[in-house]
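Commentary on secondary and tertiary structure
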Amino acid sequence: MSAVPQPARKSYFFGKGYRDLRNTIQGAWNRNTNSINQYKANISKAKEKDMFIKVFLFFLNVLAMLAVYICGFMITFFISTINVVILLTIMSIIYIGFSIIWLIDRIYLVSNKIFTACHECKERTLIPTYICPGCGAKHSNLIPGSYGIWKRKCNCGTKLPTSVLNGRRKLMAECSACTHTLLDRETVPICIPVVGGRSVGKTAFINAFSRDFIEKIAPEKGWDIELYNEEKSDIYQKIKLDYSTGNTRMTERIHNVNKASSVSFSFFVKGAKFRPERLVHIYDIAGEVFTDNNENEVQKQYEYCQGIVLIIDPFSIPAVRSKYEVLLEPEDIAGIGRADINGVINSFLNKLREVTGLSESKISTVPLAIVINKIDSAGLVVDIGDVAVNKAMAADPEKFRNYADTQDYLCRMFLKQQGMESFLNNVSIKFENNRFFACSAIGHARSKGEYLPKGVMAPMEWLFRNADNKMAKEWKDTAFNRKPLATDNIED
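Just so it is clear, the model here is predicted, and its values are computed rather than measured.

Rules used in this analysis
- Residues numbered from 1 in each chain as written.
- Predicted model: local features only at pLDDT ≥ 70, side-chain atom pairs only at ≥ 80, totals over all residues.
- Heavy atoms only, no water.
- Helix = DSSP H or I, 4+ residues; strand = E, 2+ residues; numbered from the N terminus.
- Contact = heavy atoms within 4.5 Å.
- Areas by Shrake-Rupley, 256 points an atom, 1.4 Å probe, with all protein chains shown as cover.
- Buried < 20%, exposed > 50% of the residue type's maximum accessible area, 1.4 Å probe, protein only.
- Pairing = 2+ DSSP bridges.
- Salt bridge = Lys/Arg side-chain N within 4 Å of Asp/Glu carboxyl O.
- Axes fitted to C-alpha atoms, helices over the stretch in contact; angles between N-to-C directions.
- Phe/Tyr/Trp six-rings, centres within 6.5 Å; stacked < 30°, edge-to-face > 60°.
- Lys NZ or Arg CZ within 6 Å of the ring centre and 35° of its normal.

Scanning the protein for helices and strands turns up 15 helices and 15 strands. Counting contacts in the protein only where the partners sit at least 6 residues apart, residues at least 24 apart contribute 72% of the total. Accessible surface, the protein as shown: approximately 23900 Å² in total, 55% of it carbon and sulfur.

Following this line, the structure appears as C-alpha cells:
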C-alpha cells in the first residue's frame with residue numbers, strides 16, 4: 001500500500017506474478033503466430049515445386065494453418081484461461097489475507113489510540129520509520145502490503161515483521177520527520193504540555209508530579225515505570241535533586257535553532273493493566289519563549305495532546321499582589337511571574353490556531369486544567385486551598401458535595417474577585433472541557449527543604465483520566481463529576 005519505494009523485495013504476487021502471467025499468455029499466442037508464419041513460408045517455398053506437389057503442399061499448409069487458427073487458438077485460450085483463473089484465485093486469497101492482516105493491524109493501532117509522538121520535533125506519525133537490524137536500511141512504511149504480507153524481506157535478505165501481531169514493535173525505529181531515534185514500541189501516548197509565563201512554577205509543578213507519580217503513585221498501584229532513554233534518566237536525576245533540596249531550575253531557553261524549544265520528560269507506565277504500555281510525555285517550555293512566540297519549532301504537540309495544564313501565578317495579578325505582597329517572603333517576591341495572564345492565554349490561543357487551525361468560533365475539545373500555583377504563600381490556602389474547600393463544604397453541604405467541584409468553584413470565584421472576568425470568559429468560550437485547581441508545587445518557599453507538594457496530582461489525574469479509558473479505571477484517587485458546579489452567576 002506504500003507509494004514510496006522501500007528497500008525491500010516486492011512479493012511475487014504483487015509484481016513478478018503479473019509479469020509471469022502476461023509472459024506465459026503472450027508466449028503461447030506468439031507460438032501460434034509463429035506456427036502460422038511458418039506454414040505461410042512453406043507455401044511460398046512450394047511455388048518452386050511441380051504443380052501437383054505445389055497444390056498438395058498448399059492445401060496441406062492451409063489445413064495446418066486452419067488447425068492452428070481453430071484448434072490451437074482454442075487450446076491456447078482454454079489453457080490461458082485456466083492459468084489466469086488459477087493465478088488470480090491464488091492472488092485473490094493472498095490479497096484477502098493481506099487485507100485482513102492490514103485491517104487488524106490498523107484497527108489495533110486506531111482502537112488503542114496508538115501513534116508515535118516524536119519527543120524531539122513533536123511530529124505525529126502512525127507508523128514510524130523502522131530500521132533493518134541486518135543492514136540498517138530504513139523502512140518508512142512497514143505494514144502488510146506489496147513488499148510482504150506477514151514479513152518483508154529487506155534487500156539485504158533480513159526478514160522484518162510487518163504487523164503488531166508478529167513483533168514489529170521490537171525493531172529499532174526513528175522519527176520519519178527528523179530521524180531522531182524513537183523507543184515508542186507502539187505504545188499508547190499520553191501527551192500533556194505544561195504551559196504558562198515565566199516564573200509561574202511550571203518546572204516545580206513538573207518536578208513534583210513526576211517524582212511523586214514515579215515514586216509514590218505507581219508503586220502504590222502496582223505499576224512499573226521505565227524512563228524513556230538515558231537523556232530522560234538524566235532529567236529525572238535533576239528532578240529528584242530539585243525535589244530533595246526544594247530548588248527548581250529555570251527552564252532553559254534554547255537559543256540554538258537546531259534544537260527543540262519544548263523539552264519533554266518521558267516515561268513508560270507498564271504492567272498487567274496497561275497492555276499496550278502507556279508512554280507519558282510531559283512537555284515544558286521556557287515561559288519567555290512561550291509568551292514571546294520565539295520557539296525554534298512549531299509546537300505540534302498541541303495538535304494531538306490529550307490535555308493541557310495552564311499554570312497561573314496568582315501574584316502576577318495586580319489586585320492579588322497589591323493585597324498580599326506584604327505577607328510574602330523575599331524569595332517569593334523575587335520569584336513572582338511577570339507575564340500578564342490575559343496575555344498568556346491569548347498567546348496560547350494563537351499557538352493553537354497556528355497549529356490546529358482553531359477558528360475564533362470553534363471550541364477546543366482538549367481538556368484544559370487551569371492550576372493556580374503557590375497557594376502556600378501569603379495564606380492563599382485559606383481562600384482556595386484545603387482550608388477554604390473544607391469550610392465551604394461544611395457550611396453548605398447540599399451545594400458543595402464534592403471536593404474537586406468545590407475547589408473549581410472557589411478558584412473561579414477568586415479570579416473573578418480579582419478582576420479576571422475576561423480571562424474566565426476566554427477559558428469558558430475556547431475550551432469546552434475545563435477545570436480549575438489550586439496547588440503548591442513546592443509546598444513552601446524555595447530552598448527551604450524537600451518538596452511538600454499539595455494539590456499537584458489532582459489536575460494530572462483529571463487529565464490522565466480524560467486521555468485514557470484504562471487510566472480512568474485504574475487511577476481513582478479523586479472524585480470528579482462530569483461537569484463542575486455552575487458558576488455563571490458567581491456572587492462576590
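What follows is about the environment of Lys-240. Inspection of the secondary structure puts Lys-240 in helix α4 (residues 230-245). Spatially, the C-alpha atoms of Lys-240 and Tyr-451 are 9.9 Å apart, while their sequence positions differ by 211 residues. Contact partners of Lys-240, with chain neighbours within four places excluded, come to Arg-211 and Glu-215.

What follows covers the pairing of strand β9 (residues 188-195). Across the 8 residues that make up β9, a large majority, 8, are buried. Both faces of β9 are covered, namely the face carrying Val-188, Ile-190, Ile-192 and Val-194 and the face carrying Pro-189, Cys-191, Pro-193 and Val-195. Across 7 bridges, β9 lies against strand β12 (residues 274-284) in parallel orientation. Residue pairing for β12: Val-188 is matched across the bridge by Arg-278. Relative to strand β13 (residues 308-312), β9 runs parallel, the two sharing 2 bridges.

Residue Pro-276 is reached from Arg-275 by a cis peptide bond, and omega for that bond is 5°. If you trace the backbone, Pro-276 turns up in strand β12.

All right, on to the sheet that holds strand β7 (residues 173-174) then. Spatially, β4-β3-β7-β8 is the arrangement adopted by the 4 strands of the open sheet, whose pairing is antiparallel. Each end of this open sheet is capped by a strand with a single partner; those strands are β4 (138-139) and β8 (181-182). When strand β3 (residues 129-131) meets β7, the two strands line up antiparallel, connected through 2 bridges. Across the sheet, the residue bridging to Tyr-130 is Ala-173, located in β7.

Time to look at the pattern of salt bridges. Here the idea is simple: oppositely charged side chains can pair when their charged atoms come close. Evaluated as defined, the whole model comprises 13 salt bridges. One salt bridge connects Arg-168 with Asp-105, and the closest N-O pair in it is separated by 2.8 Å. Of this pair, Arg-168 sits in the loop between β6 (159-161) and β7 while Asp-105 sits in helix α2 (residues 51-111), and the two are 63 residues apart along the sequence. Overall, Asp-105 belongs to the buried group, its relative accessible area being 0%. Among the ionic pairs, Arg-465 bridges to Glu-461, the shortest N-O distance being 2.7 Å. A residue pair is termed a helical-turn pair when its members lie 3 or 4 positions apart in one helix, as Arg-465 and Glu-461 do in helix α14 (residues 457-467) at 4 residues. Considered together, Arg-465 and Glu-461 belong to a single accessibility category, that of buried residues.

Judged by pairing direction, the sheet is mixed, and its 7 strands sit side by side in the order β10-β11-β12-β9-β13-β14-β15 without closing on themselves. Every interior strand has two partners, whereas the edge strands, β10 (224-227) and β15 (434-438), have only one. Strand-to-strand, the axes of this sheet are offset by a mean angle of 20°, without reference to chain direction. Along the sheet face, α4 touches β10 and β11 (263-271) and points at about 100° away from the line of β11. Each of β14 (368-372) and β15 touches helix α12 (residues 403-417); the most contacted strand, β15, lies at about 85° to it.

If you walk through the whole model with that rule in mind, you get 17 aromatic pairs. Both rings, one in Tyr-236 and one in Phe-265, keep their centres 5.8 Å apart while their planes meet at 15°; by these two values the pair is stacked. Of this pair, Tyr-236 sits in helix α4 while Phe-265 sits in strand β11; the two residues are 29 residues apart in sequence, bridging distant segments of the chain. By relative accessible area, Tyr-236 is classed as buried at 4%. Grouped by ring-pair contacts, the aromatic residues Phe-209, Phe-213, Trp-223, Tyr-236, Phe-265, Phe-267, Phe-274, Phe-464 and Trp-475 constitute a single cluster. A cation sits over an aromatic face here: Arg-124 above Phe-115, 4.0 Å from the ring centre.

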